[in-house]
Amino acid sequence: MVDLSEDSVRALQEAAKRAEEKRAKLVVIYPYRLKNQHFGEIKSSVNIKQRLERDAYERFDKIRDRVKELDDVPYTFSAEVGFETDRLEAHLKDKFIHSIYLCKAIAYEAEHNSEWSELMHELNIPMVFIS
């Protein structure tokens, strides 16, 4: 799980190395929230979502170019609206996941947020915090 910051590069490098070792597919998730509109501004939430997703894919492409380890593993990138824990739980239900890698900011959130605490206690797989 990445936030598309500079810290995401290291998280992707580590996750890709592990996926290659396990001969597994890497699922890269970027959870985001729809931004609040400014007072008096009328915009379609569909337009906001499209703009945010386009920006996410452009930012991922720039990061992806710096993570050569991704050349060696099959992967998908998904920008998804929602809370981090909700998006992760959805993927855990739909896919067989060996381990979870979190970039620095999301790892910090996981250490200091009660929703993350509940989820971590339910997991039976390794969760790796990359700093």
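Before reading further, recall that the structure is shown in the block above.
Everything quoted here is computed from the prediction, not taken from an experiment.

What counts, and where the lines are drawn
Residues numbered from 1 in each chain as written. Predicted model: local features only at pLDDT ≥ 70, side-chain atom pairs only at ≥ 80, totals over all residues. Heavy atoms only, no water. Helix = DSSP H or I, 4+ residues; strand = E, 2+ residues; numbered from the N terminus. Rg over C-alpha atoms; globule rule 2.2 N^0.38 Å. Buried < 20%, exposed > 50% of the residue type's maximum accessible area, 1.4 Å probe, protein only. Contact = heavy atoms within 4.5 Å. Areas by Shrake-Rupley, 256 points an atom, 1.4 Å probe, with all protein chains shown as cover. Lys, Arg positive; Asp, Glu negative; His and termini not counted. Charge placed at Lys NZ, Arg CZ, Asp CG, Glu CD. Salt bridge = Lys/Arg side-chain N within 4 Å of Asp/Glu carboxyl O. Arc of directions from axis to C-beta. Expected span 1.5 Å × (residues − 1).

Asker: Before we move on, could you go through the overall build of the protein and cite the residues and values that matter?
Answerer: Secondary structure assignment for the protein yields five helices and four strands. Whereas a compact globule of 131 residues would reach a radius of gyration of roughly 14 Å, the protein reaches 15 Å, a difference of no more than 12%. Reported as C-alpha extents along the three principal axes, the dimensions of the protein are approximately 50 × 35 × 25 Å. The buried share among the 131 residues of the protein stands at 37%. Residue pairs at least 24 apart in sequence account for 73% of intrachain contacts in the protein once pairs closer than 6 positions are excluded. For the protein, the computed accessible surface area is about 8400 Å², with 47% contributed by carbon and sulfur atoms. Taken together, the 21 basic and 25 acidic charged side chains of the protein have centroids lying 4 Å from each other.

Asker: Give a description of the pattern of salt bridges that names residues and reports values.
Answerer: Summed over the entire model, instances satisfying the criterion amount to eight salt bridges. Between Glu 14 and Lys 17 there is a salt bridge, and its shortest N-O distance comes to 3.7 Å. Linking Glu 14 with Lys 17, this pair stays in helix H1 (residues 7-22), spanning three residues, or about one helical turn. Here Asp 55 ties to Arg 59 by a salt bridge, and the two come within 3.7 Å at their closest N and O atoms. With Asp 55 and Arg 59 both in helix H2 (residues 45-64) and four residues apart, this pair spans about one turn of that helix. One salt-bridge network, held together by shared partners, links Arg 10, Glu 14 and Lys 17.

Asker: Could you give an account of helix H4 (residues 104-112), with specific residues and numbers?
Answerer: Along H4, the residues that are buried comprise Ile 106, Ala 107 and Ala 110. In a view along the axis of H4, the buried residues occupy a sector of 100 degrees, so they form one face of it. For H4, exposure combined with an orientation more than 90 degrees from the buried face picks out Tyr 108, Glu 111 and His 112. Where H4 is buried, its residues touch helix H3 (84-94), strand E3 (100-102), helix H5 (114-122) and strand E4 (127-129).

Asker: Lay out H1 in plain terms, naming residues and giving numbers.
Answerer: Compared with the 22 Å implied by 1.5 Å per residue over 16 residues, the 23 Å span of H1 between its first and last C-alpha is a close match. Residues of H1 that are buried: Ser 8, Val 9, Ala 11, Leu 12, Ala 15, Ala 16 and Ala 19. End-on, the buried residues of H1 take up no more than an arc of 160 degrees, which puts them together on one face. One or two steps after H1, the chain reaches Arg 23, where phi turns positive at roughly 55 degrees.

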